Amino acid sequence: RNHSLEAKAVVSTQSTGATLTFYRKMITGTLVIYAISRWYFGFSWFHIFLSVSCAIGLSVLYGSMGSAASGGTDLNMEGGVSDYFKDVIIVTCVVMILSLLSDYFWYLWLVIPIFALVKLWTNIISPWIFAPAPEAPEQMQQDGFKKGMRQTKQRKQVNNSSTTPGMFSSYR
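What you see is a predicted model, and the numbers here were worked out from it, not measured in a lab.

Student: Can you explain the overall build of the protein chain? Please cite residues and give values.
Tutor: Secondary structure assignment for the protein chain yields five helices and zero strands. N-terminal to C-terminal, the α/β element order of the protein chain is α-α-α-α-α. Taken across its 172 residues, the protein chain has 17% of its residues classed as buried. In the protein chain, the share of contacts with a sequence separation of at least 24, taken over all contacts with a separation of at least 6, comes to 68%. Accessible surface computed for the protein chain: about 13,200 Å², of which carbon and sulfur atoms make up 67%.

Student: Could you give an account of the pattern of salt bridges, naming the residues involved and the relevant values?
Tutor: Counted under the stated rule, the structure contains two salt bridges. Aspartate 103 is the partner of arginine 38 in a salt bridge, and the nearest nitrogen-oxygen pair spans 3.4 Å. Of this pair, arginine 38 sits in helix H1 (residues 2-41) while aspartate 103 is found in the loop between helix H3 (81-98) and helix H4 (111-129), placing the two residues 65 residues apart along the sequence. Accessibility expressed as a relative area gives 33% for aspartate 103, which makes it partly exposed. Here lysine 86 makes a salt bridge to aspartate 83, at a shortest N to O gap of 3.6 Å. Note that lysine 86 and aspartate 83 are positioned in helix H3 at a spacing of three residues, about one turn of the helix. Residue class for lysine 86 comes out buried when judged on its relative accessible area of 10%. For aspartate 83, a relative accessible area of 21% gives the class partly exposed.

Student: Account for the side chain of threonine 16, with residues named and values stated.
Tutor: Counting through the fold element by element, threonine 16 comes out in helix H1. One polar contact links threonine 16 to aspartate 74, side chain to side chain, over a distance of 3.4 Å.

Student: Break down the packing of H3 against H4 for me, with residues and values.
Tutor: The relative placement of two packed helices comes down to the angle between their axes together with the axis-to-axis distance. Closest axis-to-axis distance for the H3/H4 pair is 11 Å, and the angle between their directions is 150 degrees. By the angle class used here, H3 and H4 are roughly antiparallel. Residues Tyr84, Val88, Val91 and Thr92 of H3 lie in contact with H4, whose contacting residues are Ile112, Phe115 and Lys119. Split by residue class, the contact of H3 with H4 holds five nonpolar, one polar and one charged.

Student: Explain the layout of surface pockets to me, and be specific about the residues and the numbers.
Tutor: Of the volumes computed, that of the largest pocket is approximately 270 Å³. Taken together, Tyr84, Asp87, Val88, Val91, Val111, Ile112, Phe115, Ala116, Lys119, Leu120, Asn123 and Ile124 make up the lining of the largest pocket. Looking at the lining of the largest pocket, the elements that each hand over two or more residues are H3 and H4. Ranked by residue count, the leading element in the lining of the largest pocket is H4, at eight residues.

Each value, and the rule that gives it
- Residues numbered from 1 in each chain as written.
- Predicted model: local features only at pLDDT ≥ 70, side-chain atom pairs only at ≥ 80, totals over all residues.
- Heavy atoms only, no water.
- Helix = DSSP H or I, 4+ residues; strand = E, 2+ residues; numbered from the N terminus.
- Buried < 20%, exposed > 50% of the residue type's maximum accessible area, 1.4 Å probe, protein only.
- Contact = heavy atoms within 4.5 Å.
- Areas by Shrake-Rupley, 256 points an atom, 1.4 Å probe, with all protein chains shown as cover.
- Salt bridge = Lys/Arg side-chain N within 4 Å of Asp/Glu carboxyl O.
- Polar contact = N/O pair within 3.5 Å; in protein donor to acceptor, adjacent residues only side chain to side chain.
- Axes fitted to C-alpha atoms, helices over the stretch in contact; angles between N-to-C directions.
- Parallel < 35°, antiparallel > 145°, perpendicular 65-115°, else oblique.
- Nonpolar A, V, L, I, M, F, W, Y, C, P; charged D, E, K, R; others polar.
- 1 Å grid on protein atoms, 1.4 Å probe; cavity = no way out; pocket = protein on both sides within 12 Å on 5 of 7 lines; lining within 4 Å.
- Points joined across faces, edges and corners; volume = space filled by probe spheres on them.

Laid out in C-alpha coordinates, this is it:
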(Lines give C-alpha, C1' and ligand atoms only; values in the text may rest on other atoms or scores of the structure.)
Protein backbone atom coordinates (compact mmCIF):
# COMPACT_ATOMS: atom_id res chain seq x y z
CA ARG A 1 0.00 0.00 0.00
CA ASN A 2 2.70 2.50 0.92
CA HIS A 3 4.45 1.84 -2.37
CA SER A 4 1.38 2.83 -4.37
CA LEU A 5 0.97 6.05 -2.36
CA GLU A 6 4.63 6.89 -2.85
CA ALA A 7 4.34 6.15 -6.58
CA LYS A 8 1.32 8.47 -6.83
CA ALA A 9 3.21 11.20 -4.97
CA VAL A 10 6.18 10.87 -7.34
CA VAL A 11 3.92 11.01 -10.42
CA SER A 12 2.11 14.03 -8.96
CA THR A 13 5.42 15.78 -8.27
CA GLN A 14 6.66 15.04 -11.80
CA SER A 15 3.46 16.30 -13.42
CA THR A 16 3.53 19.43 -11.23
CA GLY A 17 7.13 20.06 -12.29
CA ALA A 18 6.15 19.59 -15.93
CA THR A 19 3.25 22.02 -15.49
CA LEU A 20 5.54 24.66 -13.97
CA THR A 21 8.04 24.17 -16.80
CA PHE A 22 5.31 24.52 -19.42
CA TYR A 23 3.98 27.77 -17.96
CA ARG A 24 7.49 29.17 -17.46
CA LYS A 25 8.21 28.54 -21.15
CA MET A 26 4.86 30.07 -22.15
CA ILE A 27 5.51 33.21 -20.11
CA THR A 28 9.09 33.57 -21.30
CA GLY A 29 8.17 33.00 -24.94
CA THR A 30 5.34 35.51 -24.80
CA LEU A 31 7.47 38.20 -23.17
CA VAL A 32 10.33 37.67 -25.63
CA ILE A 33 8.05 37.73 -28.70
CA TYR A 34 6.26 40.82 -27.38
CA ALA A 35 9.49 42.69 -26.55
CA ILE A 36 11.16 41.91 -29.90
CA SER A 37 8.04 42.82 -31.89
CA ARG A 38 7.50 46.06 -30.01
CA TRP A 39 11.19 46.95 -30.33
CA TYR A 40 11.06 46.34 -34.08
CA PHE A 41 7.66 48.00 -34.80
CA GLY A 42 7.86 50.75 -32.21
CA PHE A 43 6.33 51.31 -28.84
CA SER A 44 4.91 54.05 -26.66
CA TRP A 45 4.60 54.66 -22.93
CA PHE A 46 1.23 52.93 -23.13
CA HIS A 47 2.88 49.76 -24.42
CA ILE A 48 5.66 49.96 -21.85
CA PHE A 49 3.20 50.39 -18.99
CA LEU A 50 0.98 47.49 -20.08
CA SER A 51 3.87 45.14 -20.85
CA VAL A 52 5.51 45.85 -17.48
CA SER A 53 2.14 45.32 -15.77
CA CYS A 54 1.74 42.00 -17.56
CA ALA A 55 5.28 40.93 -16.70
CA ILE A 56 4.78 41.74 -13.02
CA GLY A 57 1.41 39.97 -12.96
CA LEU A 58 2.77 36.91 -14.70
CA SER A 59 5.75 36.66 -12.36
CA VAL A 60 3.48 36.97 -9.30
CA LEU A 61 1.13 34.28 -10.61
CA TYR A 62 3.98 31.97 -11.55
CA GLY A 63 5.55 32.53 -8.14
CA SER A 64 2.24 31.71 -6.44
CA MET A 65 1.95 28.52 -8.46
CA GLY A 66 5.52 27.60 -7.46
CA SER A 67 4.76 28.26 -3.80
CA ALA A 68 1.62 26.16 -3.97
CA ALA A 69 3.52 23.35 -5.66
CA SER A 70 6.30 23.43 -3.07
CA GLY A 71 3.62 23.26 -0.38
CA GLY A 72 2.40 19.97 -1.83
CA THR A 73 -0.52 21.18 -3.94
CA ASP A 74 -1.13 19.25 -7.14
CA LEU A 75 -1.29 21.91 -9.87
CA ASN A 76 -3.11 19.55 -12.23
CA MET A 77 -5.99 18.94 -9.82
CA GLU A 78 -9.26 20.21 -11.30
CA GLY A 79 -11.29 22.79 -9.46
CA GLY A 80 -8.46 24.26 -7.43
CA VAL A 81 -7.13 27.77 -7.20
CA SER A 82 -4.24 26.78 -9.44
CA ASP A 83 -6.76 26.42 -12.29
CA TYR A 84 -7.56 30.12 -11.96
CA PHE A 85 -3.86 30.98 -11.88
CA LYS A 86 -3.30 29.00 -15.06
CA ASP A 87 -6.32 30.61 -16.75
CA VAL A 88 -5.10 34.12 -15.93
CA ILE A 89 -1.63 33.28 -17.25
CA ILE A 90 -3.10 31.95 -20.51
CA VAL A 91 -5.43 34.94 -20.97
CA THR A 92 -2.58 37.38 -20.29
CA CYS A 93 -0.25 35.67 -22.76
CA VAL A 94 -2.95 35.56 -25.44
CA VAL A 95 -3.82 39.24 -24.89
CA MET A 96 -0.16 40.24 -25.15
CA ILE A 97 0.32 38.38 -28.44
CA LEU A 98 -2.97 39.63 -29.92
CA SER A 99 -2.18 43.21 -28.86
CA LEU A 100 0.68 43.11 -31.36
CA LEU A 101 -2.02 43.14 -34.04
CA SER A 102 -4.16 45.88 -32.49
CA ASP A 103 -4.16 47.81 -29.23
CA TYR A 104 -7.89 47.09 -28.90
CA PHE A 105 -7.06 43.53 -27.87
CA TRP A 106 -5.95 44.88 -24.48
CA TYR A 107 -9.67 45.17 -23.69
CA LEU A 108 -9.82 41.37 -23.65
CA TRP A 109 -7.97 41.58 -20.37
CA LEU A 110 -11.25 42.79 -18.85
CA VAL A 111 -12.49 39.21 -19.10
CA ILE A 112 -10.59 38.41 -15.90
CA PRO A 113 -12.32 40.87 -13.52
CA ILE A 114 -15.68 40.22 -15.18
CA PHE A 115 -15.26 36.49 -14.58
CA ALA A 116 -14.20 37.19 -10.98
CA LEU A 117 -17.33 39.30 -10.42
CA VAL A 118 -19.57 36.60 -11.89
CA LYS A 119 -17.99 33.99 -9.62
CA LEU A 120 -18.32 36.31 -6.64
CA TRP A 121 -21.99 36.95 -7.42
CA THR A 122 -22.97 33.34 -8.10
CA ASN A 123 -21.04 31.73 -5.24
CA ILE A 124 -21.11 34.31 -2.45
CA ILE A 125 -23.34 37.37 -2.87
CA SER A 126 -26.43 35.87 -4.51
CA PRO A 127 -26.78 32.90 -2.12
CA TRP A 128 -26.30 35.26 0.81
CA ILE A 129 -28.92 37.77 -0.37
CA PHE A 130 -31.52 35.30 -1.60
CA ALA A 131 -31.11 32.69 1.13
CA PRO A 132 -34.41 31.66 2.71
CA ALA A 133 -35.01 32.91 6.22
CA PRO A 134 -34.11 30.40 8.89
CA GLU A 135 -37.14 28.60 10.25
CA ALA A 136 -38.11 29.09 13.86
CA PRO A 137 -37.95 26.04 16.11
CA GLU A 138 -41.15 24.00 16.23
CA GLN A 139 -41.91 24.94 19.85
CA MET A 140 -41.83 28.65 18.96
CA GLN A 141 -44.14 28.01 16.01
CA GLN A 142 -46.62 26.19 18.24
CA ASP A 143 -46.47 28.98 20.83
CA GLY A 144 -47.12 31.56 18.12
CA PHE A 145 -50.03 29.49 16.79
CA LYS A 146 -51.58 29.24 20.29
CA LYS A 147 -51.13 32.99 20.84
CA GLY A 148 -52.82 33.70 17.50
CA MET A 149 -55.74 31.45 18.42
CA ARG A 150 -56.17 33.25 21.79
CA GLN A 151 -56.15 36.63 20.06
CA THR A 152 -58.73 35.43 17.56
CA LYS A 153 -61.00 34.20 20.38
CA GLN A 154 -60.64 37.51 22.23
CA ARG A 155 -61.59 39.47 19.11
CA LYS A 156 -64.64 37.30 18.57
CA GLN A 157 -65.71 37.81 22.19
CA VAL A 158 -65.29 41.59 21.90
CA ASN A 159 -67.24 41.64 18.64
CA ASN A 160 -70.00 39.40 20.02
CA SER A 161 -70.40 41.45 23.19
CA SER A 162 -70.72 44.71 21.28
CA THR A 163 -73.32 43.31 18.87
CA THR A 164 -75.41 41.60 21.53
CA PRO A 165 -78.77 43.34 21.73
CA GLY A 166 -79.10 45.12 25.02
CA MET A 167 -81.59 47.38 26.67
CA PHE A 168 -80.66 50.50 24.69
CA SER A 169 -79.54 48.80 21.43
CA SER A 170 -82.48 50.17 19.51
CA TYR A 171 -81.49 53.79 20.28
CA ARG A 172 -78.18 53.71 18.44
